[in-house]
Amino acid sequence: MLNGILHFGENILFFSTESHDESAVLWLDEIQKGINDANSNIEKAANLALGTSMINNCLEKHDSQPVLDILQSPKFGLRVVPECAETYYKNLLEAKNLKTKEDSSEGPWLKLIMKNRYDYYYNVETGESTFVPPEGFIPKTSWLTSEEIQTIVGQVTADYNREQLWFANENLILQLQALARGFLVRKSYEERKGFLQKQEPSVIKIQASWKGYKQRKSYTDRLRVLQGNVAAIVKIQSWVKMWLARKAYKKRLQYFKDHNEEIVKIQAFLRANKARDDYRTLIGAENPPLNVLRKFAYLLDQSDLDFQEELEVTRLREEVVTKIRSNQQLEKDLNLMDIKIGLLVKNRISLQDVVLHSKKLNKKSKNQVEEMVTGDKQGIKGLSKERRKQLEAYQHLFYLLQTNPMYLAKLIFQMPQNKSTKFMDTVIFTLYNYASNQREEYLLLKLFKTALEEEINSKVDQIQDIVTGNPTVIKMVVSFNRGARGQNSLRQLLSPVVKEIMDDKSLLINTSPVEVYKAWVNQLETQTGEASKLPYDVTTEQALEHPEVVNRLESSIQSLRTVTDKVLVSIFSSLSMMPYGMRYIAKVLKNSLHEKFPDATEDELLKIVGNLLYYRYMNPAIVAPDGFDIIDMTAGGQIHSDQRRNLGCVAKVLQHAASNKLFEGESAHLSSMNTYLSQTYQKFRNFFQIACDVPEPEEKFNIDEYSDMVTLSKPVIYISIEEIINTHSLLLEHQDAIAPEQNDLLNELLEGLGAVPDVESFLGEGAVDPNDPNKENTLSQLAKTEISLSLTSKYELQEGEDQDLKGLMIKTKRLVVDVIRTQPGDTLLEILEIPASAQQESEHLKVVEKRAILDSKTPEKMKHSQSMLEDGQLPIEQKKRKIQRNLRTLEQAGLVSSANKYQEIINEIAKDIRNQRRYRHHRKAELVKLQQTLSALQSKTAFYEDQVNYYNTYIKTCLDNLTRKNSRRSIKLDGKVEEKGSKKLKHTSLKYTAARLHEKGVILEIEDLQTNQFKNVMFDITPGEEMGDFEIKAKFLGVQMEKVELHFQDLLQMQYEGVAVMKMFDKAKVNVNLLIFLLNKKFYGK
């Protein structure tokens, strides 16, 4: 510090000396400034010395990590690059190593020169520092000084920056070098080029002369050698060529052996690729070549697996149809049992009637189980020989009804609606086997479509008639898709969200202000035990005047919105689960209405669609999920009233939203939800539009006019004799309306059948003993016998009949397939003209024998007609002649043409191959679907059987109670009888005057009696032997009145139904809530 001040003073003295000013002196602020500068210099010197010491210590320890941090510190004031950390360390270490210790007694002092003016000394061991040379000063010569460190670091940084500068301008430098070199090369090239251009004629002449001389000399020498060694050359060439050929062959053979697996894979890939290309050609080309068709003709053969799957499908279909019918009958009987038990409870019928129906129910259930176990169905061979021809006629009749929907569509509207509904539930659904496969679902949808169009055209005058009325076809469609066939879809669609709503025990939705008000009043009276001063009977407006009612109502509305959103998400995200039949009929409904009412808007049409898809199909299942098998219910179980009200409120909101109907009038208290309804309607609108976007059944099921001709088995239905007779009777009754044309096929079939037979004549003589006293009952039972009908068309091609061109086309195709599989050729015409060789005849004979073996194993129902079997046994040349005759007939009809070498029939065979493949896929899918349906039906049957057992237990309990005299033990629905010893009440009677009960609010008034006379009326309440039963006796003004039996459960039911006041003894009005409170308090300790 002193040196800094002295240095500053020296400057002032020097200035005064130069200026010859003897009065120049240091002022106080100048002295202070000198002191501050000296302090700053000391601090900088100390930091620099410390940093130098730390650097040297790191170098001695060979620790490179802290070096960069020390150099970057303000102690040195250097610009340091982190990328050069290793270089800094390496150079500093090398510099330090160059400084050797000359004296072992090296001192601890470092000497630093500050600003090139004064010295600074720092002791590295003690940290002592001074500007004055210490006594015995010995510098530490083996350490780097700060100037050396700064010089080394600066050099490294400068080198790095220079290197980075070169790297940054590398492209520019290369470009400059390239330009310079290019210039030099071009200059040299131009000089050489100029020289050669000047000497070009001479150069060419010299080169030509020299080349000519060399070539001639070489040619002459070679020719001389060859001419002298011709024999040897020929021999050498033969040996060499042989050796090269053998070597190439062995090398190629070894290569194949080494890569055998790869070659096999490549060949397989190429063959598979070729097969795929051929198959694409078969299914995609407009005119597939005969060579391609021949490769895939084997796909038309039927294997053992095909027959097994077909038999399994037939068996499952029969079982499903039988299950559906038995479940429907069982459900009807159970519903009737419910009614009978209800009447029993109300003493409208005797217990004997219920027991009689129960026995019938058990017997029917047992018979159905036995029938399912045996699985026997009477077919055409199960009847007498005399009736066989008649039954064949019925097979033709039902085939015509099944495949031509116009007849049944007209018949439906000729009958009263109650009869048409029963006819649909029995005969029509049976005729289509409840759409158990794709063919029958396709035909049933065509019937629905035809009937719906007929109903709209003939019975709908305004577009709203579909909503306000009850259209027959709409009802049939919904009933079918909600029944056994489509129930699984509806369950998948709604079951999760409905179950979630029902499982939420905290959810309580009530949107009726009056009910909310009554529940509130009941709660107040039950909790306080005092009569409420509020009136019991109020209007909606009066109920809404109470803030508590409004708050509870708002809470219910908020909960209702939340739950409704969940249901909406479930519906909108599950469109794919909705049955195709429902969506297709919605599409038909929309299009038919638009065609009849072209001025109708899109919104009006979509509201009608919404009425079908939501209101008629989904809404009832939401309101009553137990009635539509949406949720699993145990026998005797039922949905709680709160749960049912919650679901009803949700359904009501969704119904309003789907029809874009706002809450007004009596529902004005729910007007806060109108905005929500409008928003939800837009979502429903989009949902209904997408739901109607489905393909036609022909595209969906891939069915056309030839489908029945190429299927493996004939369609089979299972129908009772009674249903056959009823259908025949209805057709004759309405024949003029159904088939007005005289030459209609239906008229011809009905004429062949004749009059409607009764059950006895249908079965034939000997079916029933004429002396049987129970003949009528026996015939009634036989009428319900189910028989199987294999449906066939009466107008299929018979032997020698060529009028049916479709049948002729099918026969010809079968013959063509047999011929082209054994005889090659590019076109069918070429094959037919060229005779078959002996080998081809032999191959064809093997195919025929193989087919004969397969036909012998074929079940009777799946066998082809006799004419087709005979044609298949013909020799190949006879088949070719028959093909030529058939082709000429088909050409005259315009179905084929020889001009294109009968390509049309080749195209038809290709189409059959494609359909056969699709049919096999559909059959596998149908197997899975039938198995799932059967499993669901079995579960439902098990549930019904539980119901039967439950009712049996109930009836048994009733019978037991009848046998006990003077017994009043209660009957529990689970069949258990409550024992007398369980939880008995105190038999102490309670006696109250009417005045006391009036004070408690239990008695409200007594007719014809003033309040001041209530003290003369005495009530005696005595508990009965059974829990919950009470006997009440009363004396009115000394007159003994009749005793009254009171059941506590009845009181609770009245409280739940909102009944606040009840009459007792036809005179006294009693507060129900307070009476319950009194009984709870005195007898149950509550």
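Every value quoted in this text rests on a predicted model; they were computed, and no experiment measured them.

**A look at the pairing of strand E13 (residues 1068-1071)**
Next up, step 1: Bridge count between strand E7 (residues 1003-1006) and E13: three bridges; the pairing is antiparallel. When the bridges of E13 are listed, Glu1005 appears paired with Lys1069.
Next up, step 2: In terms of strand pairing, strand E12 (residues 1061-1064) meets E13 through four bridges, oriented antiparallel. Residue pairing for E13: Val1061 is matched across the bridge by Asn1071.
Next up, step 3: In this antiparallel pair of consecutive strands, E12 and E13, the connection spans three residues, and Phe1065 shows a positive phi of 60 degrees.

**Remarks on the packing of helix H24 (residues 602-623) against helix H26 (residues 674-691)**
Next up, step 1: Where H24 meets H26, the axes come as close as 9 Å, and the angle between the chain directions of the two elements is 85 degrees. The angle between H24 and H26 falls in the class roughly perpendicular. When H24 is examined against H26, the residues Glu602, Asp603, Leu606, Lys607, Val609, Gly610, Leu613, Tyr614 and Met618 are found in contact with a partner set consisting of Tyr681, Phe684, Arg685, Phe687, Phe688, Gln689 and Ala691.
Next up, step 2: Residue classes in the contact of H24 with H26 are distributed as ten nonpolar, two polar and four charged.

**Remarks on the environment of Gln462**
Next up, step 1: With respect to the helices and strands, Gln462 occurs in the loop between helix H16 (438-459) and helix H17 (465-468).
Next up, step 2: Note: C-alpha distance between Gln462 and Lys596 (134 residues apart in sequence) is 9.6 Å.

**Brief notes about the side chain of Ser570**
Next up, step 1: With respect to the helices and strands, Ser570 occurs in helix H22 (residues 547-572).
Next up, step 2: Setting aside its immediate chain neighbours within four residues, Ser570 contacts Leu493 and Val497.

**Concerning the pattern of salt bridges**
Next up, step 1: In this structure the tally under the stated criterion is 17 salt bridges.
Next up, step 2: Lys274 is the salt-bridge partner of Asp278, the closest N and O atoms lying 3.0 Å from each other. In this pair, Asp278 and Lys274 are both assigned in helix H9 (residues 260-284), four residues apart and thus about one turn of the helix distant.
Next up, step 3: Since its relative accessible area comes to 7%, Asp278 is described here as buried.
Next up, step 4: Judged by its relative accessible area of 45%, Lys274 is partly exposed.
Next up, step 5: Arg996 is the salt-bridge partner of Glu999, the closest N and O atoms lying 3.2 Å from each other. Highlighted residues: Glu999 and Arg996, both in helix H40 (residues 994-1000), separated by three residues, approximately one helical turn.
Next up, step 6: Since its relative accessible area comes to 60%, Glu999 is described here as exposed.
Next up, step 7: Among the charged side chains, a salt-bridge network with shared partners connects Lys217, Asp221 and Arg224.

**Regarding the sheet that holds strand E1 (residues 109-114)**
Next up, step 1: The strand order E1-E2-E3 describes an open sheet built from three strands, whose pairing is antiparallel. Whereas interior strands pair on both sides, the edge strands pair on one side only; in this sheet they are E1 and strand E3 (129-130).
Next up, step 2: Note: E1 against strand E2 (residues 118-123), six bridges, orientation antiparallel. From the neighbouring strand, Ile113 faces E2, where its bridge partner is Asp119.
Next up, step 3: Helix H2 (residues 28-61) rests against E1 and E2 of the sheet, and its axis sits at about 135 degrees to E1.

**Section: unusual backbone geometry**
Next up, step 1: Even without a glycine there, the phi angle at Asn660 is positive, about 55 degrees.
Next up, step 2: Relative to the helices and strands, Asn660 is located in the loop between helix H25 (641-658) and H26.
Next up, step 3: On the basis of relative accessibility, which here comes to 30%, the residue Asn660 falls in the partly exposed class.
Next up, step 4: The phi dihedral of Lys901 falls on the positive side, at around 60 degrees, and the residue is not glycine.

**Overview of the packing of helix H18 (residues 472-482) against H24**
Next up, step 1: The contact between H18 and H24 brings their axes to 10 Å, and the two run at 45 degrees. As far as their axial angle goes, H24 and H18 are oblique. In the packing of H18 onto H24, the handedness of the crossing is right-handed. Along the contact surface, H18 presents Ile474, Val478, Asn481 and Arg482, while H24 presents Leu612, Arg616, Tyr617 and Pro620.
Next up, step 2: Across the contact of H18 with H24, the residue classes tally to five nonpolar, one polar and two charged.

**Quick notes on the nonpolar core**
Next up, step 1: Phe398, Leu494 and Tyr614 are the most contacted members of the largest nonpolar core, which totals 131 residues.
Next up, step 2: Looking at which element gives the most residues to this core, the answer is H24, with eleven residues.
Next up, step 3: Sequence-distant contacts of Tyr614, that is, excluding residues within four places in its chain, are made with Ile571, Asn619, Ile622, Ala651, Leu654, Gln655, Ala658, Phe684 and Phe688.

**Topic: the environment of Cys649**
Next up, step 1: Along the chain, Cys649 falls in helix H25.
Next up, step 2: Among the residues examined, Cys649 registers a relative accessible area of 9% and is labelled buried.
Next up, step 3: For Cys649 and Thr564, which are 85 residues apart along the polypeptide, the C-alpha to C-alpha distance reads 9.0 Å.
Next up, step 4: Not counting residues up to four positions away in its chain, the partners in contact with Cys649 are Ile509, Thr511 and Leu560.

**Considering the confidence of the model for the chain**
Next up, step 1: Within the chain, residue pLDDT values average 76, and 79% of them lie at 70 or more.
Next up, step 2: Per-element averaging of pLDDT across the chain places helix H12 (residues 351-374) at the bottom with 49 and helix H8 (residues 230-258) at the top with 93.
Next up, step 3: Taken together, the stretch residues 12-16 has pLDDT below 50 and engages in three contacts with residues farther than four places along the chain or on a different chain.
Next up, step 4: Here residues 796-803 is modelled with pLDDT under 50, and outside its nearest four sequence neighbours on either side it reaches nine contacts, counting other chains as well.

**Here we look at a nonpolar patch on the surface**
Next up, step 1: Taken together, the side chains of Ile236, Val240, Trp243 and Leu244 define a hydrophobic patch exposed on the protein surface, amounting to about 390 Å² of accessible area.
Next up, step 2: Structurally, Val240 can be placed in helix H8.

**Observations regarding the environment of Gln438**
Next up, step 1: Positionally, Gln438 belongs in helix H16.
Next up, step 2: Exposure remark for Gln438: the relative accessible area of 24% places this residue in the partly exposed category.
Next up, step 3: Residue contacts for Gln438: discarding those within four places in its chain leaves Phe701, Ile703 and His922.

**Here's the deal with helix H20 (residues 513-528)**
Next up, step 1: With 16 residues, H20 extends 23 Å between its outermost C-alpha atoms, agreeing within 8% with the 22 Å of an ideal straight helix rising 1.5 Å per residue.
Next up, step 2: Just past H20, the residue Gly529 takes up positive phi, approximately 75 degrees.

**Let's talk about the pairing of strand E5 (residues 786-790)**
Next up, step 1: The buried fraction of E5 amounts to five of the five residues, a majority that puts the element mostly inside the structure.
Next up, step 2: Because side chains alternate across E5, one face comprises the buried residues Glu786, Ser788 and Ser790, and the other comprises Ile787 and Leu789, equally buried.
Next up, step 3: By the bridge criterion, five bridges tie strand E4 (residues 716-720) to E5 in an arrangement that is antiparallel. Bridging across to E5, Ser720 finds its partner in Glu786.

**Brief notes about the side chain of Gln903**
Next up, step 1: Looking at where Gln903 falls in the secondary structure, it is placed in helix H39 (residues 903-963).
Next up, step 2: According to the relative accessible area criterion, Gln903 is buried, its value standing at 16%.
Next up, step 3: Within the local environment of Gln903, its side chain forms a polar contact with the backbone oxygen of Pro288, the two atoms lying 3.0 Å apart.
Next up, step 4: Not counting chain neighbours up to four residues away, the residues in contact with Gln903 comprise Asn287 and Pro288.

Thresholds, definitions, all that
Residues numbered from 1 in each chain as written. Predicted model: local features only at pLDDT ≥ 70, side-chain atom pairs only at ≥ 80, totals over all residues. Heavy atoms only, no water. Pairing = 2+ DSSP bridges. Helix = DSSP H or I, 4+ residues; strand = E, 2+ residues; numbered from the N terminus. Axes fitted to C-alpha atoms, helices over the stretch in contact; angles between N-to-C directions. Parallel < 35°, antiparallel > 145°, perpendicular 65-115°, else oblique. Contact = heavy atoms within 4.5 Å. Nonpolar A, V, L, I, M, F, W, Y, C, P; charged D, E, K, R; others polar. Salt bridge = Lys/Arg side-chain N within 4 Å of Asp/Glu carboxyl O. Buried < 20%, exposed > 50% of the residue type's maximum accessible area, 1.4 Å probe, protein only. Left-handed = near helix turned anticlockwise from the far one by under 90°. Core = buried A, V, L, I, M, F, W, Y, C linked by side-chain atoms within 4.5 Å. pLDDT = per-residue confidence, 0-100. Patch = residues over 30% accessible without salt bridge, like charges linked within 9 Å, V, L, I, M, F, W, Y side chains within 5 Å. Areas by Shrake-Rupley, 256 points an atom, 1.4 Å probe, with all protein chains shown as cover. Expected span 1.5 Å × (residues − 1). Polar contact = N/O pair within 3.5 Å; in protein donor to acceptor, adjacent residues only side chain to side chain.

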